[in-house]
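# Structural overview
The primary structure of each chain is shown beneath.
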Amino acid sequence: MVCEFEPAPRFIPPARAFPCPRESRARRLVKVPLLDLVSQHASVRSEVEAAVNAVVERQGFVMGPEVAELERQIADLSGARHGVACASGTDALLLVLRSLDLAPGDEVITPAFTFFATAGAIHNVGGTPVFVDIDPETFNLDPTATEAAITSRTKAIVAVHLYGQMADMGSLGSIAETHGLTLIEDAAQAIGARRKVGGEWRRAGELGQAGTLSFFPTKNLGGWGDGGMVVTQDDALAGRLRSMRLHGGTREYLHEEVGLNSRLDSLQAAVLLAKLPHLESWSAARRTHAARYAAGFAGLQSVIAPPTDPLNEHIFHQYTIRAEGRDELHQHLTDNGVGNKIYYPLALHLQPCFGHLGYRPGSLPVTEEAMTTVISLPIYPELTESQVDRVVEVVGAFYG
Ligand SMILES: *Cc1c(COP(=O)(O)O)cnc(C)c1O
C-alpha cells in the first residue's frame, strides 16, 4: 500500500522495505473523506453500466438520443422550456455570454466569491467583470450592492447560487428588469434548488434569461468527465445556443456566425440520465446531514453554521461553516482524517489576472471576510450519521 501521507511515488517498488511510519496511527482514525464518489458509484453501478453499454454497443458517441433526452429531463427539473447541453459548465456560461454580443468596455456584474469560471467566462467573451459584494449569511450577490454598481455600460448580471442555495432572484429580477439588463444564473452548484419568489416555488434556472449547469464529477449530478447545460425559457436563445455549440451552423456546412465546438458526449448523457432519478433523494440526504451538523454545532461559539434563507430549499452542494481560527482548524481536520476544503481562499477581485480592474484589499469587505473564515466539510449523500458525528467531534475538540 502506498502511504498516503507521502506524495505518490513515480513508480511503485516491488516491495516496500520500510513500513510507512504513520500508517498504523492512520488506520486507527475514523476517516471521513470530503467526497466519496466510489461509494456513490457502488449504489448506481448496474444502472449506469447498462446505460453506458447501450451507447457503446450502438457506437454513437456524439449528440445521440441520450443527449436530447437529458436536455428534456434537465429542462423539466429546472422549470425551463429548453435545455442545451454542452461540454462543461464553463462553456455553458461562455455560450450564454457570447449571445449577449458584448462590445469592449461592456460590464457584467457578478460576485467575486465564486468559482473562477464565472468571471473567466465574462472576460473571455470580451466583457469587463464588475465585482460586487455578497450577503454575509448566504454568500450570494447582495441586491443593494448590485443595483449600486450599475452604470451606462452594464449589460448583464450573473448571479451565482453558491454552495447550492439560490440568490435573491426576486430582487435581482426586478433590478434587471428596471435597468433593462440580462439576468443569468450560474447554477453549477444548485441543480434542482428551489426558492419562493412571489409566493411560488421557482427552480434554479427558471427565472433568469438563462441558467447554466455543470456536470463536473464532483457536482451534485456528476458525469464521468466534463459536461454542462444551459436552461432557458427563451426559444430564440435556445436556437442560437444550439447553433453556437456546433460551430455556429444552422445546418450542415452553413454558418451564420462563428461558434464553438462544445457538445456533450452521449456517454456522459447516458451516465447522467441513469443518475438523475436519484438526485432528489441525494439532495434530501444532504439536507439531513446539514441539519445534523447544525444541531451538533449549536453549542459552539466559534462556529457559524450556514444559515438557509427561509425562502430557499438548499441542496447543500457544499456545507460551509465560518470558523474562528479557520486555517488552524483546516490543519486539525486534515490531521484527524476529516476531509475539508476552502472554497474560495482568494476572491476573484484580488486575483492577479484581474489586477488591471483596480480592486484592492478592502474593496469588497464581506467577500474578504468570507474568504478568510469559510471552510467546507463533508456533506455527500452517502455519509453515515456516525461520520457526521465524527466530524462534529473533531471540530468540537479543536475548540476544546
Ligand atoms: C463548477 C462551476 C463552474 C464551472 O463548471 P465546469 O463544468 O467545471 O466548467 C462554474 N461556476 C461555478 C459556480 C461552479 O461551481
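Residues numbered from 1 in each chain as written. Predicted model: local features only at pLDDT ≥ 70, side-chain atom pairs only at ≥ 80, totals over all residues. Heavy atoms only, no water.

Let's shift gears to the overall build of the chain. Scanning the chain for helices and strands turns up 13 helices and 15 strands. With the principal axes as the frame, the chain shows a C-alpha extent of 65 × 55 × 45 Å. Sorting the 400 residues of the chain into buried and exposed places 52% on the buried side. Carbon and sulfur atoms make up 54% of the accessible area of the chain, which totals about 17900 Å². The averaged location of the 46 negative side-chain charges in the chain is 5 Å from the averaged location of its 34 positive side-chain charges. (Helix = DSSP H or I, 4+ residues; strand = E, 2+ residues; numbered from the N terminus. Buried < 20%, exposed > 50% of the residue type's maximum accessible area, 1.4 Å probe, protein only. Areas by Shrake-Rupley, 256 points an atom, 1.4 Å probe, with all protein chains shown as cover. Lys, Arg positive; Asp, Glu negative; His and termini not counted. Charge placed at Lys NZ, Arg CZ, Asp CG, Glu CD.)

Our next topic: the domain arrangement of the chain. Split into domains, the chain comes out as domain 1 (26-38 + 278-398) and domain 2 (43-277). Placing the centre of domain 1 and that of domain 2 at their C-alpha centroids yields a distance of 24 Å. Taken together, the 36 residues of domain 1 in the interface contact 46 residues of domain 2. Buried area between domain 1 and domain 2, both sides added, is near 3900 Å², and the carbon and sulfur share of it is 60%. Between domain 1 and domain 2 we count two salt bridges in total. Between Glu313 and Arg194 there is a salt bridge, with its nearest N and O atoms 3.2 Å apart. (Domains from an automatic or database assignment. Contact = heavy atoms within 4.5 Å. Buried area = accessible area lost by both parts, 1.4 Å probe. Salt bridge = Lys/Arg side-chain N within 4 Å of Asp/Glu carboxyl O.)

Here the structure, examined in full by the defined rule, presents 20 salt bridges. Across the salt bridge formed by Arg292 and Glu385, the nearest N and O atoms sit 3.6 Å from each other. Of this pair, Arg292 sits in helix 10 (residues 279-297) while Glu385 sits in helix 13 (residues 385-398), placing them 93 residues apart in sequence. By sharing partners, the salt bridges in this structure join Glu69, Arg72 and Asp76 into a single network.

Here we come to the site of the ligand. The immediate surroundings of the ligand are formed by 15 residues, with Gly89, Thr90, Asp186, Ser214 and Lys219 found nearest. One of the side-chain nitrogen or oxygen atoms of Asp186 is found 2.7 Å away from a nitrogen atom of the ligand. Here an oxygen atom of the ligand sits 2.6 Å away from a polar atom, N or O, in the side chain of Ser214. For the ligand, the protein covers 93% of the area, taking 380 Å² as the surface of the free molecule. Elements with a contribution of two residues or more to the shell around the ligand: helix 4 (89-98) and helix 5 (116-124). Among the residues making up the shell around the ligand, the classes are represented as five nonpolar, eight polar and two charged. (Near = heavy atom within 4 Å. Polar contact = N/O pair within 3.5 Å; in protein donor to acceptor, adjacent residues only side chain to side chain. Nonpolar A, V, L, I, M, F, W, Y, C, P; charged D, E, K, R; others polar.)

On to the nonpolar core, then. One finds Leu70, Ile74, Phe113, Tyr293, Phe297, Tyr319 and Ile321 to be the most contacted residues of the largest nonpolar core, which totals 88 residues. The residue makeup of this core includes at least three contributed by each of domain 1 (26-38 + 278-398) and domain 2 (43-277). Excluding residues that lie within four positions of it along the chain, Tyr319 makes contacts with Ala290, Tyr293, Ala294, Phe297, Ala305, Pro306, Ile375, Ser376, Leu377 and Ile379. Listed in part, the 24 residues of the second largest apolar core include Cys86, Leu93, Ala117 and Met244. (Core = buried A, V, L, I, M, F, W, Y, C linked by side-chain atoms within 4.5 Å.)

This part takes up helix 11 (residues 326-335). Of all the residues in helix 11, the buried ones are Arg326, Leu329, His332 and Leu333. One face of helix 11 carries all of its buried residues, which in axial projection span an arc of 115°. For helix 11, the secondary structure elements touched by its buried residues are strand 14 (319-323), helix 12 (365-373), strand 15 (374-377) and helix 13. Phi for Gly337, located one or two positions after helix 11, is positive at around 75°. (Arc of directions from axis to C-beta.)

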